[in-house]
Amino acid sequence: MSEHTFQIYCGQRQLHWFKRFVEDQQTKRASKNQHSSALFALRSARISWQENDRKGSPWDTHYITLSCTVDVRLWSAEGTDEVRHEKAADVAKVLTRLNEKDSLTETQAGYARRLTSTLEKLDSPFERPSQSRYRGKAHIIAGISLGWDNPVTVALWNTSTQEVLAYRSLRQLLGKDYPLYRRHRREQQKQSHERHKAQKQGKGNRFGTSNLGEHIDRLLAKAIVAIAQQYSAGSIAVPKLDNIRDILQAEIDAKAEQKIPGYLEGQKRYSRDYKRSIHKWSCGRLLDQLVSKAAQAGLAVEESQQPMTGSAQNKAKAVAIAAYESRQIAVQKN
């Protein structure tokens, strides 16, 4: 046992995860390590030292942040059973490969013993509350498109009837919380202006940002999952981020060409000024939130390419269609 202890400060939204982690640790110790830490709901943690420009002693002006990852499936008995079978299958594959060898080194033999022990411990899962799993319809897909003017658009597409069941814009998804997005946009514009001024004057440009953007991401992810469940979607199709910059730039170029046809220099200036004036959205952060919320709700997440051109609604529909086509190709190959 370590002689050091520390306190964790968090909001109500995270508190239940830390309580569960303590319960898991206590159960594991009480059973004399008959439970596997592979089934801990809290999967990893990282401590970061964050500095700011305020004057004073380091411990008064700077702070330490604890960042954790969790597997939301491990909150319920049904999800834990799913994870347990996945991990047991992976361990069994490795053991099979080791057993096929004519002889094992001392290191390999020790590794095999640890794997065998893990396999046995996986048969003793932690006690979890029962929670019925959401069962969506595989032929209904919620497609997501990302953009500048329309940061998030959802299209619920029925693959059987080839029709869109519903569209949702960012404003419709946020509902009464939409003013938060407008406020965040104003904050971003102000910070962008201040940063630009500081750069011109040769000053430091470390401007802090609020957590409002992350809060909006969580609200959007929750709303997208809710609309997907409302229409019994079996999965959510999200754009691949490998070419998202090109997609966003193509959207601005099309707008610039429409505003200033035939004048390339003017289009470049319009594109530059437009990007300064609009809200900068973290696509990766939003998708991370969405993947987490979808997993918690029992919704699969598929990735597909978002087209360069078209309206936000047509792009969202195209993402859903592309995900379905990729699924069909995978079935044919198997």
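The rules behind each value
Residues numbered from 1 in each chain as written. Predicted model: local features only at pLDDT ≥ 70, side-chain atom pairs only at ≥ 80, totals over all residues. Heavy atoms only, no water. Helix = DSSP H or I, 4+ residues; strand = E, 2+ residues; numbered from the N terminus. Expected span 1.5 Å × (residues − 1). Buried < 20%, exposed > 50% of the residue type's maximum accessible area, 1.4 Å probe, protein only. Pairing = 2+ DSSP bridges. Axes fitted to C-alpha atoms, helices over the stretch in contact; angles between N-to-C directions. Contact = heavy atoms within 4.5 Å. 1 Å grid on protein atoms, 1.4 Å probe; cavity = no way out; pocket = protein on both sides within 12 Å on 5 of 7 lines; lining within 4 Å. Points joined across faces, edges and corners; volume = space filled by probe spheres on them. Nonpolar A, V, L, I, M, F, W, Y, C, P; charged D, E, K, R; others polar. Arc of directions from axis to C-beta.

## Overview of helix 7 (residues 212–230)
With 19 residues, helix 7 extends 27 Å from end C-alpha to end C-alpha; this agrees with the ideal 27 Å at 1.5 Å per step. Those residues of helix 7 that fall on the buried side of the exposure criterion are Leu212, Gly213, Ile216, Asp217, Arg218, Leu220, Ala221, Ala223, Ile224, Val225, Ile227 and Ala228. One or two positions beyond helix 7, positive phi appears at Ser232, with a value near 60°.

## Focus on the sheet that holds strand 7 (residues 300–304)
Spatially, 5-4-3-6-7 is the arrangement adopted by the 5 strands of the open sheet, whose pairing is mixed. On the outer flanks of this sheet lie strand 5 (163–169) and strand 7, each paired with one strand and no other. The average angle at which neighbouring strand axes cross in this sheet is 25°, direction not considered. Direction of pairing for strand 3 (residues 137–146) relative to strand 6 (residues 233–239): parallel, over a ladder of 4 bridges. When the sheet's bridge partners are listed, Ile141 is paired in strand 6 with Ser235. Packed onto the sheet, helix 7 meets strand 3, strand 4 (152–158), strand 5 and strand 6 and runs at close to 15° relative to strand 4.

## Details of the layout of surface pockets
Think of a ball as big as a water molecule: rolled over the atoms, this probe shows where empty space is left. Roughly 2,300 Å³ of volume is contained in the largest pocket. Lining the largest pocket are 50 residues, and of these Arg13, Gln14, Ser67, Cys68 and Glu214 sit closest to its centre. Elements supplying a minimum of two residues to the lining of the largest pocket: helix 1 (12–30), strand 1 (42–50), strand 2 (63–70), helix 7 and helix 10 (283–297). When grouped by side-chain class, the residues that make up the lining of the largest pocket number 19 nonpolar, 18 polar and 13 charged.

## Some points on the environment of Ala223
As for its position among the elements, Ala223 is in helix 7. Each C-alpha atom, one on Ala223 and one on Leu174, is 7.1 Å from the other, the two residues being 49 residues apart in sequence.

## Examining unusual backbone geometry
Glycine aside, the phi torsion of most residues is negative, and most peptide linkages are trans. Although it is not a glycine, Lys32 sits at a positive phi angle of roughly 55°. Among the secondary structure elements, Lys32 is positioned in the loop between helix 1 and strand 1. Residue Lys32 is classed as exposed on the basis of its relative accessible area, which comes to 71%. The backbone phi angle of Ser232 is positive, close to 60°, even though this residue is not glycine.

## Focus: the environment of Arg133
Here Arg133 lies in the loop between helix 4 (106–121) and strand 3. Looking at Arg133, the relative accessible area reads 24%, which means it is partly exposed. C-alpha of Arg133 to C-alpha of Ser76: the two residues are 57 residues apart in sequence and 9.3 Å apart in space. Residues within four places of Arg133 in sequence aside, it is in contact with Arg73, Glu78, Gly79, Glu82, Ala295 and Gly298.

## Brief notes about helix 10
For helix 10, built from 15 residues, the straight-helix expectation of 21 Å at 1.5 Å per residue is met to within 8% by its first-to-last C-alpha distance of 21 Å. Residues of helix 10 that are buried include every one of Cys283, Leu286, Leu287, Leu290, Ala294 and Ala297, and no others. In an axial view of helix 10, the angular spread of the buried residues amounts to 95°, which keeps them on one side of the axis. At the exit of helix 10 stands Gly298, carrying a positive phi of roughly 85°.

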